[in-house]
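# Analysis of the macromolecular model
Spelled out, the chains give:
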Amino acid sequence: MLPQRQPSPEPDRHLPGHHANPSQIPPPPEHSPRRAGLRLPSLEPSAYGGLLRRASRTRSMALSRLAHSHMLRAGYLPGLFLRNNLLAAYARCGDMRHARLLFDGMPSRDAVSWNTLIAGYSSQGSARLALGAFRDARRDGAVAVDRFTYSTVLAACGGARDGRSGRVAHGLAVVSGLVRTAFMTNSVIDMYAKCGMIDEVRLVFDRAEERDEVSWNLLLSAYVRMGWPEVAVHVLVWMHRSGVKLDAFALGGILKACSELKDSEDVRTMLHGCVVKVGLDLDVFVGSAMVDMYAKNGGLEEAIKVFDCIPDQNVVIYNAMIAGFARLGNDPCPETRIEAVRLYAKLLQRRIRPSKFTFKSLLEVCNLTNAVRCGRQIHAHVILSGLQGDEFIGNALINLYAKVRLVDDSLRCFHRTPKREIFTWTSMITAFVHNEHPVKALDLFRELCYLEKEPDQFTMSSVMNACAALSVPIACEQIHCYAVKSGFDQFTLCGNSQIEMYRCTGDLKAANKTFEKISCLDTFSWSQMILSYAVHGHEREALLLFKKMEDCGVMINEFAFLAVLVACSHQGLVHEGFRHYETMVSDYGFVPDVKHIACMVDLLGHVGKVADAEDFIMKSGLENDAVLWHALLHACRIHGDKDRGIKIAEKLMLLEPYAANSYVMLYNLYMDAGKISLAMRTRGQMRERGMTKEAGICWAEFGGSIHHFVDGDSSCSQKAETFTRLEELLVRVKQKTEHGGMNIWELGFHARKVGENSISKHGELLAVALGLTSLPNTAPVRVMKNQNMSWESHETLKLLSEGKNREIIIRDPARFHHFSQGSCSCRDYW
């Protein structure tokens, strides 16, 4: 039979906290004096007080419970002072549940008891409970609330951004006559500042009967918090003229605020002078703020001088300096990256432990300068420091690897980041988009929605870019609907991406509607719409919209001029194109890049001025860029300049020795010129180097499904039905019209006899045939293709559009072809 447990001594039951925390007190040992009915010897009150103060200071829950347990075992009845210390220890350790139970069990309370309870709730972010305790304290007639009570309540209201309750507490403090002191004035100012009520902050400050240095610093911090550095500078001058001593807190705050000011070199110089005059130029906190201020505004030399003058450098000032190099990391000079890494090496040599901000800035430098090898070494240091789980470092690593097309490494960093914020998801989605994995980007977005995480406008913009790359109407419409339901369509960034999304799917009307609905158009909005008109063959609308953009006073950038030049080049508008090109260079001072020059080469080639186009390339200074010679080779093919085309193709072989497309073009040129042996030699070189021609792929969305057609592949599930439908269409067309020259009708009539090989070489024809069969009679047929169409397909689609009286839209890598009424929007130049 188990021995019965003896009851606790009578005084133990009445101790406050015995009933409050019984489950947390460990049971006495088997042979303890308590088991024998004896009590532990109690300590002196000063000893208990010292233990509880230490527990409160160190936030040690174990020490708090140990002291409380010893009181219970010793049968010690503490006084009000020790009870308040015990209450403070529980509150400081964050155990508010048992602190409240202990508080409720106290036979008597004073203002300190209430203040401790309210402060505990406030520190835990429980503003509602803190206000409730304050109301109970005011109802307790035996206790008079004091200034510390009101200060604690005001701090709780400020922490919760509850300005309404803060006003009430302020009013009660005024009625009680406690706001006349600087202590209460500072509490009220701090509360209003945290609630963003800057007018009330200034009103309280101006009407205060007593002020001290803290009052001025709080006013200064309030304006800094509001993002008004100009006003904060005036307050600083006012402080100086009023004889208030400028300390590190005030100067550090104003320096941080002024780091966001642009074109304010005089203000920065004045503040630097103030720092030197008050003798705080060697202070680490102020020095870090000065380094940050100069670095953010391009004053890297001044930042270095300040950095070198500070004797006791710590990781904070190193971080500020490295971050300064990170902001200039896109400088073409590689010394920028080297200096940032050298500074990091110096930090390690001084045995200063780097923080997560150090690694974040270093990875940003590597990202901006494409320094992948250096970034991998920094990544290794991150792992050794145990910071690989930080979301900001993980985000920087994702961007670093994605920029150099190491998307698998980006994905590994994404999965190894335990706390994935929305910017982490956005970076990974963007990485998939930029590395031509739009399907994976959409799959990741579906996972994001499945986890019930809220995307932001940047996420939606990246998802729309994925839909633009995929060019599937059904996906675009679904994302558009999601954006409308979530309210993201109100953002200009999403609107711009939506214009691009519909442009890439060939829906010009939807792109135009999106443009008209954007409430706040920016330069990119106009440029995207101009480019949409340009690639769809509406050059006049593009030029009119550009003229309207100028008339509206919208800032014009290089991308806007590129869109105009694309419109001119696609339609051969030589005079318009050169006029805008010269305006861009002379009036706006923009330096043309390879895309602008390629448009001009294409423009000259469009009108047959192939020699002029070649001279333009040689004078551009970019004669070794393969993109320009591809544009010229395209013109040579269109106008039949075989000799020049062969010369250009041979040059491309030197510029791109491992580009299969260059070998294929040279092979075709040799065959057209009758140089069979050279053509065979080119094919042999291509085979020796292990290169194969990229397969022609077409895809389209019919009936809610994505259908793919590969040129030369006969494995399509709808193959027989599609061939039959295409033959029927070609028969109907031939009955209405006669076509001279090459007999393109053999493409359909003799398909069965030649094993369907000739038709299977033109996947876009099969896709159009399936679309004409599957879609309603009024719906346009949209097909995407990764290569340029052949002449046979182009002519066939023109005749099909005339016979069926419906629009057929084909997108190739260069432009959109809108076939309607027997003609194409490219006007037979592609």
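As the structure is a computational prediction, the values presented were derived from the model and not from experiment.

With that settled, the discussion passes to the overall build of the protein. A count of helical and extended segments in the protein gives 44 helices and six strands. A total of 830 residues make up the protein; the buried ones form 49% of that total. Counting contacts in the protein only where the partners sit at least 6 residues apart, residues at least 24 apart contribute 63% of the total. Counting every atom, the protein has about 40,800 Å² of accessible surface; 53% of that belongs to carbon and sulfur.

The element strand β3 (residues 781-785) is extensively covered by neighbouring structure, given that five of its five residues are classed as buried. Both faces of β3 are covered, namely the face carrying V781, V783 and K785 and the face carrying R782 and M784. Relative to strand β4 (residues 808-811), β3 runs parallel, the two being bridged by four bridges. Each bridged residue has a counterpart across the sheet, and for V783 the counterpart in β4 is I810.

On to a negative patch on the surface, then. Together, E209, E210, D212 and E213 make up a region of like negative charge exposed at the surface. Given the relative accessible area of 59%, E209 is considered exposed.

Before going further, it helps to examine the pattern of salt bridges. Scanning the entire structure with this criterion turns up 20 salt bridges. A salt bridge links K194 to D190, with the shortest nitrogen-to-oxygen separation between them at 3.3 Å. Of this pair, K194 and D190 both sit in helix α10 (residues 182-194), separated by four residues, roughly a single helical turn. A residue is classified by how much of its surface remains accessible, and K194, at 28% relative accessible area, is partly exposed. Between R412 and D409 there is a salt bridge whose closest N-O contact spans 2.2 Å. Taken together, the residues R412 and D409, both in helix α23 (residues 407-415) and three residues apart, mark about one turn of the helix.

Three- or four-residue spacings in an α-helix give side chains the same orientation, since the helix completes a turn every 3.6 residues. Restricting attention to buried positions, one finds in helix α35 (residues 610-620) the residues V610, A613, E614, F616 and I617. Each buried residue of α35 sits inside an arc of 155° when the element is viewed along its axis, so together they form one side. As for α35, its buried residues are in contact with α33 (574-587), α34 (594-606), α36 (626-639) and α37 (642-655). One or two positions beyond α35, positive phi appears at G621, with a value near 85°.

Once that is clear, we can look at a nonpolar patch on the surface. Taken together, M671, I676 and M680 make up a surface patch of nonpolar side chains, about 250 Å² in accessible area. Locating M680 in the fold gives a position in helix α39 (residues 676-688).

Attention shifts here to the UniProt feature "repeat: PPR" (unreviewed entry) in the protein. In the numbering adopted here, UniProt assigns the feature "repeat: PPR" (unreviewed entry) to residues 110-144, 212-246, 283-317 and 522-556. For the annotated span residues 212-246, helix accounts for 74% and strand for 0% of the residues, and the straight-line distance between the end C-alpha atoms is 12 Å.

Pairing is mixed across the open sheet formed by six strands, whose spatial order is β2-β1-β3-β4-β5-β6. Of all strands in the sheet, those with a lone pairing partner are β2 (705-710) and β6 (823-824), marking the two edges.

On to the nonpolar core, then. Generally speaking, a soluble globular protein has its nonpolar side chains buried in company with each other. M239, I254 and I378 are the most contacted members of the largest nonpolar core, which totals 214 residues. For this core, the element with the most residues is helix α32 (residues 558-571), which contributes nine residues. Setting aside residues no more than four positions away along its own chain, I254 makes contact with L220, P229, A232, V233, L236 and L271. L766, L770, L775 and L800 belong to the second-largest nonpolar core, a separate cluster that totals 24 residues.

Attention shifts here to the packing of aromatic side chains. Tallied over the entire structure, the rule returns 22 aromatic pairs. Ring centres of F205 and W216 lie 5.0 Å apart, and the angle between their planes is 80°; this geometry places the pair in the edge-to-face category. Of the two residues, F205 sits in helix α11 (residues 198-207) while W216 sits in helix α12 (residues 213-225), which places them eleven residues apart along the sequence. Across the pair, W216 and F205 agree in class, each one buried. Three or more aromatic residues link up through ring pairs in this structure, and these residues are F546, F561, Y588 and F590. The ring of F103 has R109 lying over it, and the distance from NZ or CZ to the ring centre is 4.4 Å. Between R420 and the ring centre of F414, over which it is positioned, the NZ or CZ distance is 4.7 Å.

This next bit is on the side chain of D95. Structurally, D95 can be placed in the loop between α4 (80-92) and α5 (96-104). Other than its neighbours up to four places away in sequence, D95 contacts M61, R65 and Y90.

To characterise two packed helices, one gives the angle between the axes of the helices and the distance between these axes. Relative orientation of the contacting elements α4 and α5 amounts to 160°, with a least axis distance of 8 Å. The angle between the axes of α4 and α5 places the two elements in the roughly antiparallel class. In this structure, α4 crosses over α5, and the sense of that crossing is left-handed. Residue-level inspection shows L86, L87, Y90 and A91 of α4 in contact with α5, the latter providing M96, A99, L102 and F103. Its residues placed into classes, the contact of α4 with α5 shows eight nonpolar, no polar and no charged.

When you tally the buried positions in strand β1 (residues 697-702), you get five out of six residues, the bulk of the element. If you look at the hairpin formed by β1 and β2, you'll find two residues sitting between the two strands, and G703 has a positive phi there, around 65°. Taken together, the two bridges between β1 and β3 define a ladder with antiparallel strand orientation. Residue pairing across strands places C698 opposite K785, the latter belonging to β3.

Running from amino to carboxyl end, helix α7 (residues 127-139) crosses helix α8 (residues 147-159) at an angle of 155°, the nearest separation of the two axes being 9 Å. By the angle class used here, α7 and α8 are roughly antiparallel. Between α7 and α8 lies a crossing whose hand is left-handed. Contacts between α7 and α8 involve A127, A130, L131, F134 and R138 on the former and, on the latter, T149, Y150, V153, A156 and C157. Here the contact of α7 with α8 is composed, by residue class, of eight nonpolar, one polar and one charged.

Residue position: H570 is located in helix α32. Setting aside its immediate chain neighbours within four residues, H570 contacts A534, V535, D602, H606, A814 and R815.

Next up on the list: unusual backbone geometry. Non-glycine residue R405 carries a positive phi angle of around 65°. With respect to the helices and strands, the residue R405 is situated in the loop between α22 (391-403) and α23.

Chain-level statistics for the protein give a pLDDT mean of 80 and a share of 87% at 70 or above. At the level of individual helices and strands, the protein shows its lowest average pLDDT in helix α1 (residues 10-13), which scores 36, and its highest in helix α24 (residues 422-434), which scores 93. Note that pLDDT drops below 50 for residues 1-37; the model gives that stretch 55 contacts with residues more than four away or on any other chain. Across residues 739-757, where pLDDT falls below 50, the model places 39 contacts with residues more than four positions away in sequence or in other chains.

With respect to the helices, strands and loops of the structure, P41 is situated in the loop between α1 and α2 (45-58). Judged by relative accessible area, which is 62%, P41 ranks as exposed. In sequence terms P41 and M71 are 30 residues apart; their C-alpha atoms lie 9.4 Å from each other. When neighbours within four sequence positions are excluded, P41 is seen to be in contact with H70 and A74.

Once that is clear, we can look at the environment of D641. Looking at where D641 falls in the secondary structure, it is placed in the loop between α36 and α37. The spatial distance from the C-alpha of D641 to the C-alpha of L669 is 9.9 Å, given a sequence separation of 28 residues. Every residue in contact with D641, bar those within four places of it in the chain, is listed here: V610 and C636. A distance of 3.0 Å separates the side chain of D641 from the side chain of R644, its partner in a polar contact.

Each value, and the rule that gives it
Residue positions are given per chain, counted from 1 along the sequence in the order it is written. Note on the predicted model: pLDDT of at least 70 is required for a residue's local features to be given, and 80 or more for side-chain atom pairs to be given and counted; whole-chain, interface and lining totals, by contrast, use all residues. Note that water and hydrogens are dropped before the side-chain values are worked out from all heavy atoms of the structure. Put simply, DSSP H or I for four residues or longer makes a helix, DSSP E for two residues or longer makes a strand, and each gets a number counted from the N terminus. Between buried and exposed lies partly exposed: a residue is buried under 20% and exposed over 50% of the maximum accessible area for its type, with that area taken using a 1.4 Å probe on protein chains only. In what follows, residue pairs with any heavy atoms lying within 4.5 Å of each other are defined as contacts. Values of accessible area rely on a 1.4 Å probe in the Shrake-Rupley scheme; residue burial ignores everything except the protein chains shown. For two strands to be treated as a pair, DSSP must find at least two bridges joining them. In this analysis, a patch consists of residues with relative accessible area above 30% that form no salt bridge, clustered at 9 Å for like charges and at 5 Å for the nonpolar side chains Val, Leu, Ile, Met, Phe, Trp and Tyr. When a carboxyl oxygen of Asp or Glu lies within 4 Å of a side-chain nitrogen of Lys or Arg, that pair is called a salt bridge. Counted as positive: Lys and Arg. Counted as negative: Asp and Glu, with His and the chain ends omitted from the count. Charge positions come from single atoms, namely NZ of Lys, CZ of Arg, CG of Asp or CD of Glu. The arc in question is traced by the directions running from the helix axis to the C-beta atoms. UniProt positions are given in the numbering used here, feature names are shortened, and annotations may be inferred rather than shown by experiment. Residues grouped as a nonpolar core are buried Ala, Val, Leu, Ile, Met, Phe, Trp, Tyr and Cys residues, joined through side-chain atoms within 4.5 Å. Aromatic contacts are taken between Phe, Tyr and Trp rings whose centres are within 6.5 Å, Trp giving its six-membered ring; a plane angle under 30 degrees counts as stacked, one over 60 as edge-to-face, and the others as tilted. Should the NZ of a Lys or the CZ of an Arg lie within 6 Å of a ring centre and within 35 degrees of the ring normal, that charge is described as sitting over the ring. Every angle, taken between N-to-C directions, lies between 0 and 180 degrees, and every axis is a line fitted to C-alpha atoms, over only the stretch in contact when it is a helix. Roughly parallel covers angles under 35 degrees, roughly antiparallel covers those over 145, roughly perpendicular covers 65 to 115, and oblique covers all other angles. Crossing handedness: left-handed means the near helix sits turned counterclockwise from the far one by under a right angle, and right-handed means the same turn made clockwise. Charged residues are taken to be Asp, Glu, Lys and Arg, nonpolar residues to be Ala, Val, Leu, Ile, Met, Phe, Trp, Tyr, Cys and Pro, and polar residues to be all remaining types, Gly included. Across the chain, each position has a pLDDT score giving the predictor's confidence in that residue, from 0 to 100. N or O atoms closer than or at 3.5 Å make up a polar contact, with two conditions inside protein: a donor-capable atom paired with an acceptor-capable one, and, for residues adjacent in sequence, both atoms drawn from side chains.

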